[in-house]
Amino acid sequence: MRILVVGGGMGGTIFANHLARRIHHEMKTGKARITMLSASHEHVYQPGWLYVAMGRTTPDELVREQQSLLEPGIEFHVDPVEEFHLADNHVQCKSGKIHEYDVMVISTGSRPMPENIPGLQENSINCYTAENAVEFFRQLSDFKGGRIVVTVGLPHKCPMIPLEITFAMHDFIQDRGLRDKTEFYYTYPIGRVHSLENVAKWAAPEFDRMGIQYETLFNMKEVDGKNAQVLSEEGGAVKYDLLVAVPPHKGQEVIEQNGLGQNGWIPTNRTSLHMEGEYGKNVIVLGDTTNLPISKAGSTTHFEAEVAAENVAAVIKIGRSVRSYDGKVFCFIEAGKDRATYAMFDYQHPPQPKAPTGAVHAFKMAYNQLYWASARGLL
Ligand SMILES: Cc1cc2nc3c(=O)[nH]c(=O)nc-3n(C[C@H](O)[C@H](O)[C@H](O)COP(=O)(O)OP(=O)(O)OC[C@H]3O[C@@H](n4cnc5c(N)ncnc54)[C@H](O)[C@@H]3O)c2cc1C
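No experiment lies behind these values; they were computed from the predicted model shown. (Residues numbered from 1 in each chain as written. Predicted model: local features only at pLDDT ≥ 70, side-chain atom pairs only at ≥ 80, totals over all residues. Heavy atoms only, no water.)

**What about the UniProt feature "domain: FAD/NAD(P)-binding" (unreviewed entry) in the protein chain?**
Note the threshold: UniProt positions are given in the numbering used here, feature names are shortened, and annotations may be inferred rather than shown by experiment. Secondary structure counts use DSSP, requiring at least four H or I residues in a row for a helix and at least two E residues in a row for a strand, with both numbered from the N terminus.
Sites flagged by UniProt as "domain: FAD/NAD(P)-binding" (unreviewed entry) map to residues 1-271. End C-alpha atoms of residues 1-271 are separated by 23 Å, and the span's content is 29% helix alongside 28% strand.

**A closer look at the site of the ligand**
Rules: Near residues are defined by distance, with any heavy atom within 4 Å of the molecule or strand qualifying the residue. Under the rule applied, a polar contact is a pair of N or O atoms within 3.5 Å (in protein, one hydrogen donor and one hydrogen acceptor; residues adjacent in sequence only if both atoms are side-chain atoms). In short, Shrake-Rupley with a 1.4 Å probe defines the accessible areas, and a residue's cover is counted only from the protein chains shown. In this classification, Asp, Glu, Lys and Arg are treated as charged, Ala, Val, Leu, Ile, Met, Phe, Trp, Tyr, Cys and Pro as nonpolar, and every other residue, Gly included, as polar. Start and end points for every domain follow an automatic or database-based domain assignment.
Around the ligand, 32 residues are found, and the nearest of them are G11, S107, D288, G298 and S299. Interatomic distance of 3.1 Å between a backbone N/O atom of G9 and an oxygen atom of the ligand. In this structure, an oxygen atom belonging to the ligand sits 3.2 Å away from a side-chain N or O atom of K364. Protein chains bury 92% of the 1000 Å² of accessible surface belonging to the ligand in isolation. Contributing elements (two or more residues each) for the shell around the ligand: α1 (10-22), β2 (33-38) and α10 (298-318). The dominant element in the shell around the ligand, judged by the number of residues it contributes, is α10, at 3 residues. For the shell around the ligand, the per-class residue count stands at 14 nonpolar, 14 polar and 4 charged. Split by domain, the shell around the ligand shows at least three residues from each of two domains, domain 1 (2-109 + 252-328) and domain 2 (113-249).

**Quick word on the domain arrangement of the protein chain**
Cut-off, in case you're wondering: The contact criterion used throughout is that any non-hydrogen atoms of two residues lie within 4.5 Å. Accessible area, probed at 1.4 Å, shrinks when two parts are joined; the buried area is that loss added up over both. Salt bridge, as used here: a side-chain nitrogen of Lys or Arg that lies within 4 Å of a carboxyl oxygen of Asp or Glu.
One can read the domain layout of the protein chain as domain 1 (2-109 + 252-328) and domain 2 (113-249). Relative placement of domain 1 and domain 2: their C-alpha centres are 32 Å apart. Every contact between the two is made by 13 residues of domain 1 and, on the other side, 21 residues of domain 2. Buried area between domain 1 and domain 2, summed over both chains or domains, comes out near 1300 Å², and the portion from carbon and sulfur atoms is 75%. It is W49, L50 and M54 that lose the most area in domain 1 upon contact with domain 2, and together they represent 42% of the buried surface on that side. Seen at the junction of domain 1 and domain 2, the total is 0 salt bridges. At the surface where domain 1 touches domain 2, the tally comes to 2 residue pairs in polar contact (both at pLDDT 80 or more).

**Focus on the sheet that holds strand β16 (residues 237-239)**
Strand pairs in the sheet, formed through backbone hydrogen bonds, run parallel or antiparallel to each other. To keep it simple, the criterion reads: In this description, strands pair whenever DSSP reports at least two bridges between them. Under this scheme, a helix contributes an axis fitted over its contacting stretch, all axes are lines through C-alpha atoms, and angles between N-to-C directions fall in the 0 to 180 degree range.
Here we have 3 strands laid out as an open sheet, ordered β14-β15-β16, and antiparallel in their pairing. Where the open sheet ends on each side, the last strands, each with one partner, are β14 (220-224) and β16. Here the strands of the sheet are splayed against their neighbours by 20° on average, with no regard to which way each runs. Sheet topology places strand β15 (residues 229-232) next to β16; 3 bridges connect them, and they run antiparallel. Note on β16: the bridge partner recorded for L231 is A237.

Given below as structure tokens:
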């Protein structure tokens, strides 16, 4: 069986490694083959960009060679897919090379689109690339007081980042003795401070306790850099001295161009993780690129990848899938520089965040290192 993995980020890597260990014998005897295609030779631990923005790590600490993370026997090519020919079970890469498959897994992720909001790109900082996270740190370090506004577009990857970045900046500014000179103003597009109701119920009192003001039902329309204000679809105008953005996201252009899903989100079955539609029987979708109404988070991707790997291994060995994805997500929520909580939930059970503690923060810091073992499929 030829298994083709498109995307060498969290989902593709965890899937391929889990599967390779399960079908070690079949790979050795030539009955199964795993090929991975990616757009980069590097693997980036994106959650680390939050810490780059706060000056607590540097981008090079967050990168490994993709090949070094893969189980022996997985064939790896840096050659992005340009065309998906689902009816013929093959893809065509940038190099012109064609790869055929019996099963294909797509985990090409998502990308921030600040350019979709007029003025946002030029007038705000964000932590969605290594370069932007470094620039974030520069501007935050140079900040001498005034009004910091956080503005959020939906959908975006990492559901907790608007809260985490606000709490982290609060402590950063406080440690520099600038809290009295700084006003924090958080805006959010829906009628509460977070999309997950129980997370919103936990976060709003935290904001109150820390003196962070907030405005809900604020959908960014435009940033007027000349007058340093963000305008909302609802008619609001918020003045800023430093504007921090969580830009709206889309899936990859190649997904949309090939007609696999509007805005780059692929219609995906919520339990089997197969692509919906005529050609979905042998196409599995993982991570940010699904259209599932759940968090676009590494942990979502991780749990999906485990289920998918078990199922593909079972199909090879006993002819049928054995597991369903239950919507499981586990997200840490950094609630400042030295405390954190978490949100664990699935399709049936909403999250119940508890009061933040130093212990959960310490666990998150440890996980940031353990991630590399997790990517190898060892956790
Ligand atoms: C600042 C920040 C903080 C975050 N914090 C957290 C957190 O605390 N907890 C959490 O759970 N998640 C967090 N996330 C989210 C998490 O990083 C993503 O949800 C996760 O990486 C998604 O995995 P993926 O496999 O879908 O995509 P990615 O990991 O983005 O991988 C996509 C892969 O596809 C490849 N690719 C793209 N186009 C092509 C193509 N045409 N052909 C072949 N390959 C292609 C890319 O090179 C890449 O290797 C955070 C993200 C950011 C940016």
